[in-house]
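# Reading the structure
Read off the chains here:
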Amino acid sequence: MSGRLANIGGPGFTSFRSRVRDIAETHRSLTIIVAMAIVGLLLPILATVPPFSIFQPQDVWLNGFSNAGVFVLLALGLNIVVGLAGLLDLGYAAFFAIGAYAYAYGASPFSGIHAPFIAMLLIGALVAATFGVLLGAPTLRLRGDYLAIVTLGFGEIVPIVFLNAEKYTEGTNGIGGIYPPDIPFVEFGILNPWPFYGLVIVLVAIVMVFIYRLQESRIGRAWMAIREDELAAASNGLNTVTTKLLAFALGASTAGFAGVFNAAKLTLVSPDQFLSTVSFSILAMVVLGGMGNIWGVALGAFVIYTIQIVLLKQLNAFFGELHVPILQDINFVQYQFLLYGLALVLMMLFRPEGLFPSQRRKRELHAADAGEAEASAVAALDESIT
Amino acid sequence: MTATAREPNLVLSAKNVTKRFGGLVAVNDISFDIPEGSIVSLIGPNGAGKTTFFNIIAGIYDPTSGRIAVHGRTMVARPIRAWLEPFLWVAPAVVVGIVSAIVVAAANNETIGFVGAALTLAALITMLLSAIARPAWYQRLLRRIGIFRSARPNDIVEAGIGRTFQNIRLFSNMTAEENVLVGMHTRLKANLLDAMFSTPRNRSEEVAAKIRAEELLRLVGLRGIGGELAKNLPYGDQRRLEVARALGSNPKLLLLDEPTAGMNPKETSDMMALINKLRTELGLTVLLIEHDMKVVMGISDRVTVLDHGERIAEGTPDEVRKNPKVIEAYLGAPAS
């Protein structure tokens, strides 16, 4: 009797939860938009609450969040190529650079053109996608390691071209004075981080919805099939060449998108923003966040970027103030790659599916345990019967 | 040629197919017809060239010589006039380039020159990309010009041939349902924009596809396991799932590479029943590679025996069983 009483609150609550889950299952795109809206509202509030407000003022936080948003976009795009289609791309920052320079040519005093920002978002994505296809076409017959090396080379070449083609790119100085976004009724200024913050939330939501839908479509299944077994995929009627090119093109166009936003935000593009370390950071974000899961990848990118720009800087200040010997002389920001490496190694040892894995990958990596559990259950059942 | 004309109901017709790997002749001058609605078996000792022949049909290897026609249309053979193809790649670019050069010379305008150069480059890139991806229109263009290139595996599937593998090659980390849906890829039409904007067409197609996938799973006897990961299925079910996946493309001809390998007697007889059912219910034609003689003799209409890449016998199961050459190939020649 008492047990029944205790359960009264239970069923109502679970049915509410299951109803929410049902709605989330059937309206996935809407769920993403609502969730991004909630995140977008919560983050600025969170920045004013004690543990976070101590580090830095809200404006600085918001500016950091906007920059983190760029990396979320990049990680989402790389997730298509690496997580879904299984093509290891080590030169992803090249497409980021191409998108950024596309905007610099489209909207700066350097070229004398001032195209509208929204149009440039599409153009930047298209230009980057074109280069993605151009890189992909001759190299997609390569597999695994070989593809990784070619993309690594491409990632090195692109910033060097921008560096050396001084007549067209101003070399190391980069192209400056780029116009900020010109969206009607919104004033984009360097001192006001809110418009950029809102814009990046919208962009991330749009990209997430598109990627989510693709992942669940015929095309997403084709990517996964190619990742699993390319020969079997071809023998089941998939044109592996076009499917892989599409993954490359879409990954590149997302990077182009991010590049345009980044250029408009910083109002400056220079080759040193797109070094191979950027590619590695993004790859680390995808792996740490949980390959193949858009929320995991987005969260991974956000957390890592925030740690990198906030926590490491704060560590410097913290140990500097306390005058801790040795530690006060260390610049933690310079050691971020050591920390990445350490985090990756620990991750591969203890949680290979990433911090926020997709259901699928979790099952992949823990199938062995599940199989054992099942076998023992079956054995127990057999025993009980006999 | 005359044979195809007289018997239009040949699903597949191989003529003098030879495949060499370096010095090794894996398949030597094999001719082979598969009439519609039949179950044809290909048997032979290990290393006889059965799987190689299979892979040639499936478009994985190009034959060294000979050709294979599907429904009377040659799909697999040595390339013809392949040297012409590079001209095709540059021809549109050259034409565009010359036209824009003339226009530039006449108008003497720098902007037009820039546009012309861009168009030329675009034409070149388009053709090169088409040559790599080989979409349908490019293949039609090749055929019209008289260039022949062997079909790729996906073109073979498009032409109505599905296959399974000797060592199971499922997409092991995808669910059973997803495996079948991948098999249905060629029959689904949603493109990139449909998927991104979740158009009504895409949604209704997905719903219909899932129902069809469920039907196919039920047909092969895998009811209600659509959500399981393929690799967690028992061995016999994995074999069945491979058949369901191959059926996804609505093939006319199904190539089964040792469908009962590693199965127990119960699973084997189930598989035989399934193959028979595919013929009677779906009107499928089946080409079977098999080692289990009970299966071969039980369900085949015709049997072809290969040994060391050569065809040593062909006929009904009874004829083949009594053929002394076949007995010799399997058991060795009697001591004389």
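Everything numeric in this text was worked out from a predicted model, so none of it was measured.

## Things to note about the overall build of chain A
Each helix and strand in chain A was counted, giving 17 helices and four strands. Looking at chain A residue by residue over its 386 residues, the buried ones come to 44%. Partitioning the intrachain contacts of chain A with sequence separation of at least 6 by distance along the chain shows that 78% fall at a separation of at least 24.

## A short note on the overall build of chain B
From N to C terminus, chain B includes 14 helices and ten strands. Dimensions of chain B along its principal axes, counting C-alpha atoms only, are 90 × 55 × 35 Å. Buried residues in chain B amount to 37% of all 336 residues. When contacts within chain B are restricted to residue pairs at least 6 apart in sequence, long-range pairs at least 24 apart make up 68% of them.

## As for the sheet that holds strand E4 (residues 65–70) of chain B
Residues and elements named next belong to chain B. One open sheet holds the four strands; their spatial order is E2-E1-E4-E5, and the pairing between them is antiparallel. On the outer flanks of this sheet lie strand E2 (24–35) and strand E5 (73–77), each paired with one strand and no other. With strand direction ignored, the average angle separating the axes of adjacent strands in the sheet is 20°. Bridge count between E4 and E5: four bridges; the pairing is antiparallel. Counterpart to Arg67 in the pairing with E5 is Ala77.

## Section: the sheet that holds strand E9 (residues 302–307) of chain B
One key point about sheets: their strands pair by backbone hydrogen bonds, in either a parallel or an antiparallel sense. Residues and elements named next belong to chain B. Taking strand neighbours across the sheet as the criterion, the six strands line up as E6-E7-E8-E3-E9-E10 in an open arrangement whose pairing is mixed. Every interior strand has two partners, whereas the edge strands, strand E6 (161–163) and strand E10 (310–315), have only one. Within this sheet the neighbouring strands show an average axis-to-axis angle of 20°, counted without direction. Where strand E7 (residues 253–257) lies against strand E8 (residues 285–289), five bridges are found, and the strand directions are parallel. When the bridges of E8 are listed, Leu253 appears paired with Thr285.

## Examining the environment of B:Leu128
Residues and elements named next belong to chain B. Inspection of the secondary structure assignment puts Leu128 in helix H4 (residues 110–133). Take Leu128: there are 17 C-beta atoms within 10 Å of it, and that puts it in the partly exposed class. Taking the C-alpha atoms as reference points, Leu128 and Phe53, 75 residues apart in sequence, are found 31 Å from one another.

## Considering unusual backbone geometry
Residues and elements named next belong to chain B. At Asn16, a position not held by glycine, the phi torsion is positive, near 50°. Residue position: Asn16 is located in strand E1 (residues 10–21). Here the phi dihedral of Glu258 falls at roughly 50°; this positive angle occurs in a residue that is not glycine. Along the polypeptide, Glu258 turns up in the loop between E7 and helix H11 (265–282). When the 21 C-beta atoms within 10 Å are taken as the criterion, Glu258 is described as buried.

## Some words on helix H16 (residues 336–350) of chain A
With 15 residues, H16(A) should reach 21 Å at 1.5 Å per residue; the first-to-last C-alpha distance of 21 Å fits that figure. Little of H16(A) sits inside the fold, with one of its 15 residues counted as buried.

## What about the confidence of the model for chain A?
Across chain A, the average pLDDT comes to 84, with 89% of residues at or above 70. Per-residue pLDDT stays below 50 along residues 1–9 of chain A; that stretch engages in zero contacts with residues further than four places along the chain or on separate chains.

## Let's talk about the packing of helix H6 (residues 93–106) of chain A against helix H8 (residues 144–164) of chain A
Residue and element names in this part refer to chain A. Where H6 contacts H8, the two axes come as close as 8 Å, and the packing angle between them is 30°. Here H6 is positioned roughly parallel relative to H8, judged by the angle of their axes. For the pair H6 and H8, the contacting residues are Ala93, Ala94, Ala97, Ile98 and Tyr101 in the first and Phe154, Gly155, Val158, Pro159 and Phe162 in the second. Counted by class, the contact of H6 with H8 contains nine nonpolar, one polar and no charged residues.

## So, the nonpolar core
All names here are of chain A. In terms of nonpolar packing, the biggest core is built from 182 residues, with Ala75, Phe96 and Ala298 touching the most fellow members. Per-element accounting of this core gives the leading share, 16 residues, to helix H5 (residues 58–84). Sequence-distant contacts of Ala298, defined by excluding residues within four places in its chain, comprise Val72, Ala75, Leu76, Val204 and Met208.

## Observations regarding the pairing of E8(B)
Residue and element names in this part refer to chain B. Extensive coverage of E8 is indicated by the burial of five of its five residues. Side-chain alternation along E8 places Thr285, Leu287 and Ile289 on one buried face and Val286 and Leu288 on a second face that is also buried. In the classification by handedness, the crossover that spans E7, the intervening H11 and the parallel E8 is right-handed.

## Structural notes on the confidence of the model for chain B
Residues and elements named next belong to chain B. This prediction gives chain B a mean pLDDT of 88; 97% of its residues lie at or above 70. Element-level pLDDT for chain B is lowest in helix H1 (residues 2–6), with a mean of 45, against a maximum mean of 94 in helix H7 (residues 176–183). Across residues 1–6, where pLDDT falls below 50, the model places four contacts with residues more than four positions away in sequence or in other chains. For this predicted complex, the interface score ipTM comes out at 0.89, alongside a pTM of 0.87.

## Brief notes about the interface of chain A and chain B
Taken together, the contacts link 32 residues of chain A with 33 residues of chain B. Where the side of chain A that touches chain B is concerned, the elements lending two or more residues are helix H7 (117–139), helix H10 (194–215), helix H11 (218–228), helix H12 (230–234), helix H13 (240–266) and helix H17 (359–385) of chain A. Per-element tally for the side of chain A that touches chain B: the top contributor is H11(A), with seven residues.

## Let's talk about the domain arrangement of chain B
Examined at the domain level, chain B breaks down into domain 1 (82–145) and domain 2 (171–247). The C-alpha centroid of domain 2 of chain B is placed 40 Å from the C-alpha centroid of domain 1 of chain B.

## Let's talk about the packing of H11(A) against H13(A)
Residues and elements named next belong to chain A. Where H11 meets H13, the axes come as close as 10 Å, and the angle between the chain directions of the two elements is 105°. It follows that H11 is roughly perpendicular to H13 by the angle criterion. The residues of H13 that touch H11, namely those facing Ile219, Ala222, Trp223 and Ile226, are Thr240, Thr243, Lys244, Leu246 and Ala247. Partitioned by chemical class, the residues of the contact of H11 with H13 number six nonpolar, two polar and one charged.

## Regarding helix H14 (residues 276–289) of chain A
Residue and element names in this part refer to chain A. The end-to-end C-alpha distance of H14 is 20 Å, a good match for the 20 Å that 14 residues give at a rise of 1.5 Å each. Looking at the buried residues of H14, the elements they touch are H5, H6, H8, helix H15 (294–322) and H16. Gly290, located one to two residues past H14, shows a positive phi value of around 125°.

## Some thoughts on the environment of A:Ala255
Residue and element names in this part refer to chain A. You can see Ala255 is positioned in helix H13. A tally of 35 C-beta atoms within 10 Å means that Ala255 is categorised as buried. C-alpha separation for the pair Ala255 and Phe154, spaced 101 residues apart in sequence, amounts to 15 Å.

## Re the pairing of E2(B)
Residue and element names in this part refer to chain B. Strand direction decides the pairing type here: E1 and E2, joined by eight bridges, are antiparallel. Along E2, the bridge assignment pairs Phe21 with Leu24. Between E1 and E2, which pair antiparallel in sequence order, lie two residues; one of them, Gly22, sits at a positive phi of approximately 60°.

The rules we used
Residues numbered from 1 in each chain as written. Chains lettered and ligands numbered in written order. Predicted model: local features only at pLDDT ≥ 70, side-chain atom pairs only at ≥ 80, totals over all residues. Helix = DSSP H or I, 4+ residues; strand = E, 2+ residues; numbered from the N terminus. Buried ≥ 20, exposed ≤ 12 C-beta atoms within 10 Å, placed from the backbone. Contact = placed C-beta atoms within 7 Å. Pairing = 2+ DSSP bridges. Axes fitted to C-alpha atoms, helices over the stretch in contact; angles between N-to-C directions. Expected span 1.5 Å × (residues − 1). pLDDT = per-residue confidence, 0-100. Parallel < 35°, antiparallel > 145°, perpendicular 65-115°, else oblique. Nonpolar A, V, L, I, M, F, W, Y, C, P; charged D, E, K, R; others polar. Core = buried A, V, L, I, M, F, W, Y, C linked by C-beta atoms within 7 Å. Right-handed = clockwise from strand over helix to strand, strands pointing away. Domains from an automatic or database assignment.

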